[in-house]
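Examination of the molecular architecture
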Amino acid sequence: MYSTLSIIIKGGVNKCGNNFRFKKNFNVTYINKHKSVYAVKDVSFEIYKGDSLGIVGESGSGKSTLAMGVLKLLPKDGAQISGIANFF
């Protein structure tokens, strides 16, 4: 069963300005001795200077995992992160 995760980006008039942040095909997989579980799969978003980002979803849909993965706060021995990230 999959939960729905929505990403809402609002604001930002200057799409060519500084502080462009981009995540493409971002994935987080939790790993233990017995199995691997996709917590976040193929999430892509762009944030520009002046934008706000809202993440909305059901309980267990991956909101906290997405945020912690983007900020590189997940334990390296228990989570595998993949995708493209550019921070300027």
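Here we take up the overall build of the chain. Across its full length, the chain carries one helix and five strands. Reading the chain from its N terminus to its C terminus gives the helix and strand order β-β-β-β-α-β. Per-residue burial for the chain yields a buried fraction of 25% across its 88 residues. Carbon and sulfur atoms make up 54% of the accessible area of the chain, which totals about 6400 Å².

We now examine the confidence of the model for the chain. In this model, the chain carries an average pLDDT of 78, and 73% of its residues clear a pLDDT of 70 or more. For the chain, the element scoring lowest by mean pLDDT is strand β1 (residues 5-11), at 56; helix α1 (residues 63-70) scores highest, at 89.

Judged by nonpolar contacts, Phe 26, Val 28, Val 40, Val 43, Phe 45, Ile 47, Leu 66, Val 70, Leu 74 and Ala 79 together constitute the single largest core of 10 residues. Among the secondary structure elements, those contributing two or more residues to this core are β2 (21-31), β3 (36-47) and α1. At four residues, β3 tops the list of elements feeding residues into this core.

This paragraph deals with a nonpolar patch on the surface. On the surface, a cluster of nonpolar side chains totalling about 300 Å² of accessible area is made up of Met 68, Leu 71 and Leu 73. You can see Leu 71 is positioned in the loop between α1 and β5 (79-87). Assessed through its relative accessible area of 59%, Leu 71 is described here as exposed.

The next point concerns the packing of aromatic side chains. Applying the stated rule across the entire model yields zero aromatic pairs. Lying over the aromatic face of Tyr 38, Lys 41 brings its terminal NZ or CZ to 4.9 Å of the ring centre.

Time to look at the environment of Ala 67. Here Ala 67 shows up in helix α1. Accessibility expressed as a relative area gives 33% for Ala 67, which makes it partly exposed. Sequence spacing of Ala 67 and Ile 55 is 12 residues, and the spatial spacing of their C-alpha atoms is 8.8 Å.

Once that is clear, we can look at the side chain of Thr 65. For Thr 65, the location among the structural elements is in helix α1. For Thr 65, a relative accessible area of 11% gives the class buried.

This part covers α1. Listed in full, the buried residues belonging to α1 are Thr 65, Leu 66, Gly 69 and Val 70. Along the axis of α1, the buried residues cluster in a sector spanning 125 degrees; they form a single face. Within two residues after α1, Lys 72 carries a phi angle of roughly 60 degrees, on the positive side.

What counts and what doesn't
Residues numbered from 1 in each chain as written. Predicted model: local features only at pLDDT ≥ 70, side-chain atom pairs only at ≥ 80, totals over all residues. Heavy atoms only, no water. Helix = DSSP H or I, 4+ residues; strand = E, 2+ residues; numbered from the N terminus. Buried < 20%, exposed > 50% of the residue type's maximum accessible area, 1.4 Å probe, protein only. Areas by Shrake-Rupley, 256 points an atom, 1.4 Å probe, with all protein chains shown as cover. pLDDT = per-residue confidence, 0-100. Core = buried A, V, L, I, M, F, W, Y, C linked by side-chain atoms within 4.5 Å. Patch = residues over 30% accessible without salt bridge, like charges linked within 9 Å, V, L, I, M, F, W, Y side chains within 5 Å. Salt bridge = Lys/Arg side-chain N within 4 Å of Asp/Glu carboxyl O. Phe/Tyr/Trp six-rings, centres within 6.5 Å; stacked < 30°, edge-to-face > 60°. Lys NZ or Arg CZ within 6 Å of the ring centre and 35° of its normal. Arc of directions from axis to C-beta.

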